[in-house]
Amino acid sequence: MISKNTILSILCAFFAALYFVHPLIQIVKNRNTAPVKSAIINPAEKNDIVQIALTAADGSKITISKNGNLWMGQIEGLDAVFPCTQPLAASFIEELTAIKKTYRISRGEGNVFTDGTADFLISWTIVSGITKSVYLGGRDFSGTMRFIKAENGAVSKIESGFDAYLDTSARFWCDPYIIPRIRTDSRAPSESIQRLSLITDGKRIALIPGTDDFTPRTERILSLRHGGLSNFTPSPNENPALRIEAEFSNGESISVPVYRADDGNYLLDYDLLGGALHYSAAISERTYHNLRTAFSQLSGIK
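The model shown is predicted, which means the values in this text are computed figures rather than measured ones.

**So, the overall build of the protein chain**
Counting its secondary structure elements, the protein chain contains 5 helices and 18 strands. For the protein chain, the proportion of its 302 residues judged to be buried stands at 40%. Residue pairs at least 24 apart in sequence account for 58% of intrachain contacts in the protein chain once pairs closer than 6 positions are excluded. Counting only carbon and sulfur atoms, one obtains 51% of the accessible surface of the protein chain, whose full area is about 17000 Å².

Here it is, written out as structure tokens:
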């Protein structure tokens, strides 16, 4: 029979061992849970990115590509290349290259990608032609982190400040203005305009610097938005209801025909930058009226 002294000796030895081992356990635990600083895309590649593709679990996909200093978008199922909202595209890249807290996942979270599914796939191509990608899973219990799977299969979780950009719709990414903000200088849009014209029935009505109320009229026109992209293609013999033209201070210009739709609304057909941008967008009858009103009481010229 084991004596009380023996039992006490064993217990003392056990607790003594536990006392010395506990700090080692704590070190390992902290090593596994301490955050590291990382980014989805290496910040060194920030200025070399020429294309980003975002694919959702439902198969929808948006691809944004760089043409000079302009970001352009395409979605599957729509034959169009449209201008992105430039600050939005720039902010997305800032988020993807921002240094964030990243954690190794705990043992209980290790099965987030075991079924092969992910909420999103982000792929990016740099100027050298190299393409890389990561998978994004759902949020963790805190709601502030997303699971991420690297190309090498490593799984971690990262601060999810980029969630606001995880949208594959054209409505989210497309420049919403009737006269798109495709110039990338720092001046206000109205300061870049040399002339705005409305052409209808063979007559041009022009808004130029020096015209009465030039700035407020110009700002009103430039603030008008379309209602989203359309699959519209005008027939070869169809004449537009009117045409909008904008001439900029650097000598560039755009010309956009506006067609009357069968439902009483109107459709704009864009073919800009030598065909690099080609898309159609709808505007309501009210927006069409506001456009014409902005040119009202101006002298017509041939």
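More follows now that the structure is in view.
**Notes on empty space enclosed by the protein**
All chains considered together, the criterion is met by 1 cavity of 30 Å³ or more. Of the voids in this model, the largest cavity is the one considered here, and its volume is about 30 Å³. Around the largest cavity, the lining residues are Ile 52, Ala 53, Leu 54, Ile 62, Ile 64, Phe 92 and Trp 173. For the lining of the largest cavity, the residue count by class is 7 nonpolar, no polar and no charged.

**Quick look at helix H4 (residues 214–222)**
Where H4 is concerned, the buried positions are Phe 214, Arg 217, Thr 218, Ile 221 and Leu 222. Burial along H4 is one-sided: seen end-on, the buried residues are contained in an arc of 130 degrees.

**Topic: the sheet that holds strand S3 (residues 61–67)**
What the 10 strands build is an open sheet, ordered S1-S6-S10-S9-S8-S7-S2-S3-S4-S5; its pairing is antiparallel. Taken across any chain shown, the strands that pair with only one partner, and hence form the sheet edges, are strand S1 (36–38) and strand S5 (82–83). Relative to strand S7 (residues 120–126), strand S2 (residues 49–56) runs antiparallel, the two sharing 7 bridges. Each bridged residue has a counterpart across the sheet, and for Ile 49 the counterpart in S7 is Ile 126.

**Describing the packing of aromatic side chains**
Under the defined criterion, the tally for this structure stands at 6 aromatic pairs. One aromatic cluster is present, formed by Phe 92, Tyr 165, Phe 172 and Trp 173 through successive ring pairs. We note Arg 181 situated over the ring of Tyr 177; from NZ or CZ to the ring centre the distance is 3.7 Å.

**Thoughts on the layout of surface pockets**
What the second largest pocket holds in volume is close to 290 Å³. Taken together, the elements giving at least two residues each to the lining of the second largest pocket come down to strand S8 (131–139) and strand S10 (155–159). Class assignment for the residues of the lining of the second largest pocket results in 10 nonpolar, 5 polar and 3 charged.

**Topic: the side chain of Lys 157**
Among the structural elements, Lys 157 can be located in strand S10. Reaching out from Lys 157, the side chain makes a polar contact with the side chain of Asp 140 at a distance of 3.3 Å.

**Re the packing of H4 against helix H5 (residues 285–294)**
Two elements in contact, H4 and H5, have axes separated by 10 Å at closest approach and are oriented at 160 degrees. With respect to H5, the element H4 is oriented roughly antiparallel. Here H4 and H5 pass one another in a crossing that is left-handed. Residue-level contacts link Arg 217, Arg 220 and Ile 221 of H4 to Leu 291, Thr 293 and Ala 294 of H5. Residues that form the contact of H4 with H5 fall into these classes: 3 nonpolar, 1 polar and 2 charged.

**Digging into the environment of Glu 247**
As for its placement among the helices and strands, Glu 247 is situated in strand S14 (residues 242–248). Distance from Glu 247 to Ile 208, taken between C-alpha atoms, is 9.7 Å for residues 39 residues apart in sequence. Here Glu 247 is in contact with Ser 192, Ile 193, Gln 194, Arg 195, Glu 252 and Ser 253, once residues within four sequence places are set aside.

**Topic: the pattern of salt bridges**
The full count for this structure, using the stated rule, is 9 salt bridges. Its salt-bridge partner being Arg 146, residue Asp 119 comes within 3.2 Å of it at the nearest N-O pair. Note that Asp 119 is positioned in the loop between strand S6 (100–104) and S7 and Arg 146 in strand S9 (residues 145–149), a separation of 27 residues in sequence. For Asp 119, a relative accessible area of 32% translates into the label partly exposed. A salt bridge links Asp 163 to Arg 146, with the nearest nitrogen and oxygen atoms 2.7 Å apart. Here Arg 146 lies in strand S9 and Asp 163 lies in the loop between S10 and helix H3 (170–173), a separation of 17 residues in the sequence.

What counts and how
- Residues numbered from 1 in each chain as written.
- Predicted model: local features only at pLDDT ≥ 70, side-chain atom pairs only at ≥ 80, totals over all residues.
- Heavy atoms only, no water.
- Helix = DSSP H or I, 4+ residues; strand = E, 2+ residues; numbered from the N terminus.
- Buried < 20%, exposed > 50% of the residue type's maximum accessible area, 1.4 Å probe, protein only.
- Contact = heavy atoms within 4.5 Å.
- Areas by Shrake-Rupley, 256 points an atom, 1.4 Å probe, with all protein chains shown as cover.
- 1 Å grid on protein atoms, 1.4 Å probe; cavity = no way out; pocket = protein on both sides within 12 Å on 5 of 7 lines; lining within 4 Å.
- Points joined across faces, edges and corners; volume = space filled by probe spheres on them.
- Nonpolar A, V, L, I, M, F, W, Y, C, P; charged D, E, K, R; others polar.
- Arc of directions from axis to C-beta.
- Pairing = 2+ DSSP bridges.
- Phe/Tyr/Trp six-rings, centres within 6.5 Å; stacked < 30°, edge-to-face > 60°.
- Lys NZ or Arg CZ within 6 Å of the ring centre and 35° of its normal.
- Polar contact = N/O pair within 3.5 Å; in protein donor to acceptor, adjacent residues only side chain to side chain.
- Axes fitted to C-alpha atoms, helices over the stretch in contact; angles between N-to-C directions.
- Parallel < 35°, antiparallel > 145°, perpendicular 65-115°, else oblique.
- Left-handed = near helix turned anticlockwise from the far one by under 90°.
- Salt bridge = Lys/Arg side-chain N within 4 Å of Asp/Glu carboxyl O.

Keep in mind that these numbers describe shape and distance, not what the molecule does.
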